Amino acid sequence: MVILQDYNLTELTQYLTDNYNVKPYVAKQIFEWLNKSVDFEGMTNVAKSVRSELKNNCIAVASRIVKTLTSTDGTQKFLFELYDGNVVEGVLMKYKYGNTLCVSSQVGCRMGCKFCASTLDGLVRNLSAGEILSQVLSVNALSTDKERYVTNIVLMGSGEPLDNFDNVVKFLHLVTDKDGINISERNISLSTCGVVPKMKQLADMGFSLNLTLSLHNADNDERLKIMPITKAYSVEEAISACRYYFEKTGRRVIIEYTLIDGQNDTRAHALKLASLIHGMSAHVNVISLNPVKETGLKGTSETNLKKFLKILESLNISATRRRTMGQDIEGACGQLRRRYLDDKV
Ligand code: SAH
């Protein structure tokens, strides 16, 4: 099956004119429907015969919302179903300046981080560019406002975006395309557990994206226990890739630090983190672990979190606490999908 949302306007026009003898202006109309997340049935200005032929060979809306949970703080969690029945998650966080959607880049994940629900069953498959884009388009379609509903995007849902590099790069092109929904690169963040060569490759591509490194421990031996990627690329290599990213793009890197009770939350950990990133143009986001029942790990206490932040601040490290949103709706990566799959069996 061909996923039509994988194409930009030029590619879609080419594909439809070559294979279905569709006129370019009709291709444009179809492209506009796809951007509004409208399936073939709803493409009322396109001939029925064209639509039914396309329907036999193509997917129009690549991911549709099958479940929505709304938190008391307004955060919404979506479960998206893909054409093959797989499901991935997204979270919409509402801020004063706009709405940030967290999207998934893979079904499952093969990175094996010990605290994360997305990776418990390994990687199922990569998402195509259109399947990532479609998550944004279907959430946009929930709003009747003329204004853009989703203003910011974070690639922080399930999956390791740099492990699905080509499709993620294609997604970045699609979502920032002037013919499409045209979201500014500066409003997009990509989060990685530290796939160093791909971080450098991304830096060389000249996007103005925000890069986030999920560090969670500045010590190699300790980090290896919770993040297997450390075996391939050390903490120093990951930090040096962040410095390279800043040199190339001028974008300050974000260091994500999830505090896990008794694992990475002591004064010594804060000092080690501070010396690792000293003098670097980076900002640390501190958050307490969102407990995932299968992992047995707990989040740090409120007092500990504040202490940790104070130490960083006293060492002139720019750091803030990331607001925990949607805790009552299982906001952490992969939790809703697991619940959904558990309920189905
Ligand atoms: N693979 C990418 C993006 C997905 S995870 C990455 O590793 O960055 C998005 C962020 O959520 C990462 O910082 C990850 O470490 C963090 N995370 C995963 N499970 C979590 C949990 N249970 N509580 C808090 N943060 C979690």
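The shown structure was predicted, so the numbers you read here are calculated from the model rather than taken from an experiment.

Conventions and cut-offs
Per-chain numbering applies: the sequence of each chain, read as written, is numbered from 1 onward. Whole-chain, interface and lining totals are the exception, using all residues; otherwise, since this is a predicted model, local features are given only for residues with pLDDT of at least 70 and side-chain atom pairs are given and counted only at 80 or more. With hydrogens and water stripped out, all remaining heavy atoms of the structure feed into the side-chain values. Note on conventions: DSSP H or I runs of at least 4 residues are helices, E runs of at least 2 residues are strands, and numbering of each starts at the N terminus. Each residue's exposure class comes from its accessible area (1.4 Å probe, protein chains only) as a fraction of the maximum for that residue type: buried when under 20%, exposed when over 50%, partly exposed otherwise. Among the buried residues, those of types Ala, Val, Leu, Ile, Met, Phe, Trp, Tyr and Cys that are joined through side-chain atoms within 4.5 Å form a nonpolar core. Should any heavy atoms of two residues lie within 4.5 Å, those residues are considered in contact. Two strands are said to pair when DSSP picks up at least two bridges between them. All axes are obtained by fitting lines to C-alpha atoms, using only the stretch in contact for helices, and the reported angles, taken between N-to-C directions, cover 0 to 180 degrees. Where each domain starts and ends comes from a domain assignment, either automatic or drawn from a database. Summed over both partners, the accessible surface that disappears when two parts come together, traced with a 1.4 Å probe, is what is meant by buried area. Throughout this description, the term salt bridge denotes a Lys or Arg side-chain nitrogen within 4 Å of a carboxyl oxygen of Asp or Glu. Two N or O atoms count as a polar contact when they lie within 3.5 Å, although within protein this holds only if one can serve as hydrogen donor and the other as acceptor, and sequence-adjacent residues are included solely when both atoms are side-chain atoms. In the cavity and pocket records, a cavity denotes points on a 1 Å grid over the protein atoms alone where a 1.4 Å probe fits but cannot get out, a pocket denotes an open set with protein on both sides within 12 Å along at least 5 of 7 lines, and lining residues are residues with an atom within 4 Å of a point. Grid points are joined across faces, edges and corners, and a volume is the space filled by probe spheres set on the points. Any residue outside Ala, Val, Leu, Ile, Met, Phe, Trp, Tyr, Cys, Pro, Asp, Glu, Lys and Arg is labelled polar, Gly included; the first ten of those are nonpolar and the last four are charged. Taken from the helix axis, the directions to the C-beta atoms give the arc we talk about. Expected span of a helix: the number of residues minus one, times 1.5 Å. Note on terminology: near, applied to a residue and a molecule or strand, indicates that one of the residue's heavy atoms is within 4 Å of it. Here, Shrake-Rupley sampling with a 1.4 Å probe gives the accessible areas, and only protein chains in the shown set may cover a residue.

1. Some thoughts on the environment of H173
Line of reasoning, step 1. As for its placement among the helices and strands, H173 is situated in helix α5 (residues 165–175).
Line of reasoning, step 2. Given a relative accessible area of 44%, H173 falls into the partly exposed group.
Line of reasoning, step 3. Linking H173 and I183, residues 10 residues apart in sequence, is a C-alpha distance of 9.9 Å.

2. A closer look at the nonpolar core
Line of reasoning, step 1. Grouped together as the largest cluster of nonpolar side chains are 80 residues, with contacts concentrated most on F171, L202, L273, V284 and L312.
Line of reasoning, step 2. The element contributing the most residues to this core is α5, with seven residues.
Line of reasoning, step 3. Setting aside residues no more than four positions away along its own chain, F171 makes contact with A129, I132, L133, V136, I153 and L155.
Line of reasoning, step 4. In terms of nonpolar packing, the next biggest core, distinct from the first, is built from 20 residues, L16, V26, F40 and M43 among them.

3. What to know about the sheet that holds strand β14 (residues 319–321)
Line of reasoning, step 1. The mixed open sheet is built from 10 strands, whose spatial order is β3-β4-β5-β6-β9-β10-β11-β12-β13-β14. For this open sheet the edge positions go to β3 (63–70) and β14, each flanked by a neighbour on one side alone. Looking at each pair of strands side by side, their axes are set apart by 25° on average, direction ignored.
Line of reasoning, step 2. Note: strand β13 (residues 282–288) against β14, three bridges, orientation parallel.

4. Re the domain arrangement of the protein
Line of reasoning, step 1. When its domains are assigned, the protein resolves into domain 1 (2–59) and domain 2 (63–344).
Line of reasoning, step 2. A C-alpha centroid distance of 33 Å is found between domain 1 and domain 2.
Line of reasoning, step 3. With 14 residues of domain 1 at the interface, the matching set in domain 2 holds 17 residues.
Line of reasoning, step 4. Together, the buried faces of domain 1 and domain 2 total about 1100 Å²; carbon and sulfur atoms form 53% of this surface.
Line of reasoning, step 5. Connecting domain 1 to domain 2 are two salt bridges.
Line of reasoning, step 6. If you look at where domain 1 meets domain 2, you find six residue pairs in polar contact (both at pLDDT 80 or more).
Line of reasoning, step 7. Broken down by secondary-structure element, the contributors of at least two residues to the side of domain 1 that touches domain 2 are α1 (9–20) and α2 (24–35).

5. Here we look at empty space enclosed by the protein
Line of reasoning, step 1. All told, the structure shown has one cavity of 30 Å³ or more when counted by the stated rule.
Line of reasoning, step 2. Considering only enclosed or pocket space, the largest cavity measures out at about 80 Å³ in volume.
Line of reasoning, step 3. Lining the largest cavity, in full, are Q5, Y7, N8, F31, L34, N35, L133, L137, L174, D177 and G180.
Line of reasoning, step 4. Looking at the lining of the largest cavity, the elements with two or more residues in it are α2 and α4 (129–140).
Line of reasoning, step 5. No other element matches α2, which puts three residues into the lining of the largest cavity.
Line of reasoning, step 6. Here the residues of the lining of the largest cavity are counted per class, giving six nonpolar, four polar and one charged.

6. So, helix α6 (residues 196–204)
Line of reasoning, step 1. Taken together, the buried positions of α6 are V196, M199, L202 and A203. Relative to the axis of α6, the buried residues are bounded by an arc of 120° and lie together on one face.
Line of reasoning, step 2. On the buried face of α6, the contacting elements are α5, β10 (188–192), β11 (210–214) and α9 (235–249).
Line of reasoning, step 3. Backbone geometry just downstream of α6 places G206 in the positive-phi region, at approximately 80°.

7. Let's talk about α4
Residues separated by three or four positions in an α-helix point in the same direction, a consequence of the helix having 3.6 residues per turn.
Line of reasoning, step 1. When the terminal C-alpha atoms of α4 are compared, their 17 Å separation across 12 residues agrees well with the 16 Å that a helix rising 1.5 Å per residue should span.
Line of reasoning, step 2. For α4, the buried fraction is high: 12 of the 12 residues fall into the buried class.
Line of reasoning, step 3. Of the residues making up α4, those classed as buried are A129, G130, E131, I132, L133, S134, Q135, V136, L137, S138, V139 and N140.

8. Describing the site of the ligand
Line of reasoning, step 1. Residues in contact with the ligand amount to 19 residues; listed here are only the nearest, G159, S191, S214, H216 and N290.
Line of reasoning, step 2. Contact distances for the ligand include 3.0 Å between a nitrogen atom and a backbone N or O atom of G159.
Line of reasoning, step 3. Measuring from an oxygen atom of the ligand, one finds a side-chain N or O atom of H216 at 2.6 Å.
Line of reasoning, step 4. With the chains in place, 93% of the 530 Å² that the ligand exposes on its own is no longer accessible.
Line of reasoning, step 5. For the shell around the ligand, the secondary structure elements donating two or more residues are β10 and β12 (253–259).
Line of reasoning, step 6. Among the residues making up the shell around the ligand, the classes are represented as nine nonpolar, eight polar and two charged.

9. Let's talk about the pattern of salt bridges
Line of reasoning, step 1. Applying the stated criterion to the full structure yields 14 salt bridges.
Line of reasoning, step 2. For R125, the salt bridge identified is with D84, shortest N-O distance 2.8 Å. On the criterion of sequence distance, the pair formed by R125 in strand β8 (residues 123–126) and D84 in the loop between β4 (76–82) and β5 (87–95) is long-range, its members being 41 residues apart.
Line of reasoning, step 3. Among the residues examined, R125 registers a relative accessible area of 18% and is labelled buried.
Line of reasoning, step 4. Note on D84: relative accessible area 38%, which makes it partly exposed.
Line of reasoning, step 5. The shortest N-O distance in the salt bridge between K272 and D219 comes to 2.9 Å. Taken together, the residues span a long stretch of sequence, with K272 in helix α10 (residues 267–277) and D219 in the loop between β11 and α7 (220–226) at a distance of 53 residues.
Line of reasoning, step 6. For K272, a relative accessible area of 39% gives the class partly exposed.
Line of reasoning, step 7. By relative accessible area, D219 is classed as buried at 18%.
Line of reasoning, step 8. A single salt-bridge network, built from bridges that share partners, covers D84, R125 and E131.

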